[in-house]
Amino acid sequence: MSLSAVDLLARLNTIYGIFSAILGNQAVFDGLDAEKRQQFVTGLNKSYGQAESFRHEFLTTQKAQGKGRPFLTQTHADVTVGAADALFAKSIECKSVTKPEKGAVNHVIRDEAIGQLAGTTGHLPRDGDVRVVDLKITCSFNPWPMPGGAYGQDRKVCTLSDLMAEAVKEVDTIVYGLGANEPQIMAWLKGEGLANVNSIGRLNKVVNTGTGQTDFPSSSRPIGVTATGGIQKIRCLTVKVRYEPAYTVSEGMELKWLDEIVVQAYKRLNGKVEVDVAKIKGTAFDYSQGFPALAVFKAFA
């Protein structure tokens, strides 16, 4: 018999009591020797990281449910959204990084998430699904994709263009240096058939002839357009990085606060698997009403 909600809550309160008894008493914390203190810090950070990962996965399923879309959990990936034949169908590995080092993000993408999306851990996304690494950085000190990162060292403000260029560089390096996971994921990407494709675009640009508007205004999924105007799914590895709190960047003389960057790898008409930024999202000052007001901005490739 599984534990009840009451039993689980009791365990949660016990965990809180264990950690808070030490953190709430400076003399006790200071009295820990170096090894015990490191064990304590490691245990607390692991618990926090697991909690953030679960929250991220839970909110992903809630979002799909709110849109009325079918979803599965722990079948093809952490979360799979959409029926197999749906244009927007995707299999998602939800990850969270609470450490400050840039390398911690690369490790999770390369050594954990992509391996899972490549089918090395028992789950395998459906062939037509976009395979998504959805990673949330919940550490204000982590500067990914920019270099460095340490507790107590705030991210340096960088230009939006530099951040985007570095994100492409990091994902490109990961995709072409996957080691044991490279044959599976790259074979899938390179195996895309483009014989009938005249051009490649994105799903958010596809206009519904009945309404004159796109059915998927927020979807960055790459699609192929055939000579007859038909739409073909394009195999794609998406790395979506979310910043919580937002990443302060500059563009020209303005500051912006980046919440999300989406980087994708997929096969092009030249036969090569290439990487680019598909989407960015954040907040910036809007002066259209004659005074500065924060507003959400989105930009697609």
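Refer to the preceding data block for the structure.
Caption draft 1: Inspection of the overall build of the chain at higher detail. Tallying secondary structure elements over the chain gives 6 helices and 12 strands in all. In summary, the chain has a C-alpha radius of gyration of 22 Å against a globular reference of 19 Å for 301 residues, a match within 12%. C-alpha extents for the chain along the principal axes are approximately 75 × 60 × 40 Å. For the chain, the exposed area adds up to about 15,700 Å²; of that, 56% sits on carbon and sulfur atoms. Distance between charge centroids for the chain: 4 Å, based on 34 positive and 31 negative side chains.

Caption draft 2: Seen up close, helix α5 (residues 160-175). Between the first and last C-alpha of α5 there are 23 Å, a value that for 16 residues agrees with the 22 Å anticipated at 1.5 Å per step. For α5, the set of buried residues is L160, L163, E166, A167, E170, V171, I174 and V175. Buried residues along α5 cover an arc of 165° about the axis, so they all sit on one side. In this structure, α5 carries S161 and T173 as exposed residues pointing more than 90 degrees from its buried face.

Caption draft 3: Examining the pattern of salt bridges more closely. This structure, assessed with the given rule, holds 15 salt bridges. Salt-bridge contacts for K256 lead to E251; the nearest nitrogen and oxygen are separated by 2.4 Å. Assessed through its relative accessible area of 16%, K256 is described here as buried. On the basis of relative accessibility, which here comes to 39%, the residue E251 falls in the partly exposed class. A salt bridge links R268 to E274; the nearest nitrogen and oxygen atoms lie 3.9 Å apart. Taking the relative accessible area as the measure of exposure, R268 reaches 15% and is therefore buried. When salt bridges that share partners are traced, they join E52, R55, K136 and E244 into one network.

Caption draft 4: Representation of the sheet that holds strand β7 (residues 222-226) within the structure. Pairing in this open sheet of 3 strands is antiparallel, and the strands run β6-β7-β8 from one edge to the other. In the strand order of this sheet, the two ends are held by β6 (197-202) and β8 (231-233), each with one partner. Averaged over all neighbouring strand pairs, the angle between strand axes comes to 35°, with direction disregarded. In this structure, β7 lies alongside β8, joined through 3 bridges in antiparallel fashion. Looking across to β8, one finds that V225 is bridged to I231.

Caption draft 5: Structural detail: the packing of aromatic side chains. Tallied over the entire structure, the rule returns 7 aromatic pairs. Aromatic side chains W257 and F285 sit 5.6 Å apart centroid to centroid with 85° between the ring planes, which places their arrangement in the edge-to-face category. Here W257, found in strand β10 (residues 254-267), pairs with F285, found in strand β11 (residues 273-286); they are 28 residues apart in sequence, far enough to count as distant. Between the aromatic rings of F285 and Y287, the centroid separation amounts to 6.4 Å while the plane-to-plane angle is 50°, which identifies the pairing as tilted. An aromatic cluster of at least three residues, connected via ring pairs, comprises F19, F29 and F40. The ring of F29 carries the charged tip of R37 above its face, separated from the ring centre by 4.6 Å. Stacked on the ring of Y266, the Lys or Arg R268 has its end atom at 3.8 Å from the ring centre.

Caption draft 6: Quick peek at the layout of surface pockets. As a volume, the largest pocket reaches approximately 930 Å³. Looking at the largest pocket, it is lined by 36 residues, and the ones nearest its centre are K63, K90, K240, R242 and K279. Contributing elements (two or more residues each) for the lining of the largest pocket: α3 (34-66), β3 (90-97), β4 (130-137), β9 (237-251), β10 and β11. In this structure, the second largest pocket occupies an estimated 500 Å³ of space. In terms of lining, the second largest pocket is formed by 20 residues, of which the most central are N45, G49, S96, T98 and K99. When residues of the lining of the second largest pocket are traced back to their parent elements, those giving at least two are α3, β3 and α4 (102-117). Among the elements that make up the lining of the second largest pocket, the one with the highest residue count is α3 (8 residues).

Basis of the calculations
- Residues numbered from 1 in each chain as written.
- Predicted model: local features only at pLDDT ≥ 70, side-chain atom pairs only at ≥ 80, totals over all residues.
- Heavy atoms only, no water.
- Helix = DSSP H or I, 4+ residues; strand = E, 2+ residues; numbered from the N terminus.
- Rg over C-alpha atoms; globule rule 2.2 N^0.38 Å.
- Areas by Shrake-Rupley, 256 points an atom, 1.4 Å probe, with all protein chains shown as cover.
- Lys, Arg positive; Asp, Glu negative; His and termini not counted.
- Charge placed at Lys NZ, Arg CZ, Asp CG, Glu CD.
- Expected span 1.5 Å × (residues − 1).
- Buried < 20%, exposed > 50% of the residue type's maximum accessible area, 1.4 Å probe, protein only.
- Arc of directions from axis to C-beta.
- Salt bridge = Lys/Arg side-chain N within 4 Å of Asp/Glu carboxyl O.
- Pairing = 2+ DSSP bridges.
- Axes fitted to C-alpha atoms, helices over the stretch in contact; angles between N-to-C directions.
- Phe/Tyr/Trp six-rings, centres within 6.5 Å; stacked < 30°, edge-to-face > 60°.
- Lys NZ or Arg CZ within 6 Å of the ring centre and 35° of its normal.
- 1 Å grid on protein atoms, 1.4 Å probe; cavity = no way out; pocket = protein on both sides within 12 Å on 5 of 7 lines; lining within 4 Å.
- Points joined across faces, edges and corners; volume = space filled by probe spheres on them.

All quantities given are derived from atomic positions and should not be read as evidence of function.
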